[in-house]
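# Structure assessment
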Amino acid sequence: MIASILIGYGRIFRSKKTIEKESITDGHENVHEEKHRLIETRVAQVGAVLLAIGFAIQIWGTTVDS
């Protein structure tokens, strides 16, 4: 689980300010790029939450007596 979070760290924990800075091209703000990066970041965050839930269910399933 730690490795999967580290893989996506750059996308999961990006701030809006960082995205705005990354979206500037030739000194001009690129609104389409910023929107894309915001969506990409949100998808990565949702994926990380789902991954954590999946791991928690697996751990719970192996520790609970049947």
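### Focus: the overall build of the protein
- A tally of regular secondary structure across the protein gives three helices and two strands.
- Burial statistics for the protein: of 66 residues in total, 11% are counted as buried.
- A separation of at least 24 residues holds for 43% of the contacts in the protein among residues at least 6 apart in sequence.
- Of the roughly 5400 Å² of accessible surface on the protein, a fraction of 65% belongs to carbon and sulfur atoms.

### Things to note about the side chain of Thr 41
- Within the secondary structure, Thr 41 is located in helix 3 (residues 31–63).
- For Thr 41, a relative accessible area of 1% gives the class buried.
- Sequence-distant contacts of Thr 41, that is, excluding residues within four places in its chain, are made with Arg 11, Ile 12, Arg 14 and Ile 19.

### Some points on a nonpolar patch on the surface
- A grouping of Val 46, Val 49, Leu 50, Ile 53 and Ile 57 is seen on the molecular surface, where their side chains present a nonpolar patch of about 470 Å² in accessible area.
- Its location among the elements puts Ile 57 in helix 3.

### Looking at the environment of Lys 21
- By the element assignment, Lys 21 lies in helix 2 (residues 16–22).
- Between the C-alpha atom of Lys 21 and that of Glu 34, which follows or precedes it by 13 residues, the distance is 8.9 Å.

### Topic: the confidence of the model for the protein
- Confidence in the prediction for the protein averages 79 pLDDT; 86% of positions are at 70 or higher.
- Within the protein, no element has a lower average pLDDT than helix 1 (residues 2–12), which sits at 69, and none a higher one than helix 3, at 86.

Criteria and cut-off values
- Residues numbered from 1 in each chain as written.
- Predicted model: local features only at pLDDT ≥ 70, side-chain atom pairs only at ≥ 80, totals over all residues.
- Heavy atoms only, no water.
- Helix = DSSP H or I, 4+ residues; strand = E, 2+ residues; numbered from the N terminus.
- Buried < 20%, exposed > 50% of the residue type's maximum accessible area, 1.4 Å probe, protein only.
- Contact = heavy atoms within 4.5 Å.
- Areas by Shrake-Rupley, 256 points an atom, 1.4 Å probe, with all protein chains shown as cover.
- Patch = residues over 30% accessible without salt bridge, like charges linked within 9 Å, V, L, I, M, F, W, Y side chains within 5 Å.
- Salt bridge = Lys/Arg side-chain N within 4 Å of Asp/Glu carboxyl O.
- pLDDT = per-residue confidence, 0-100.

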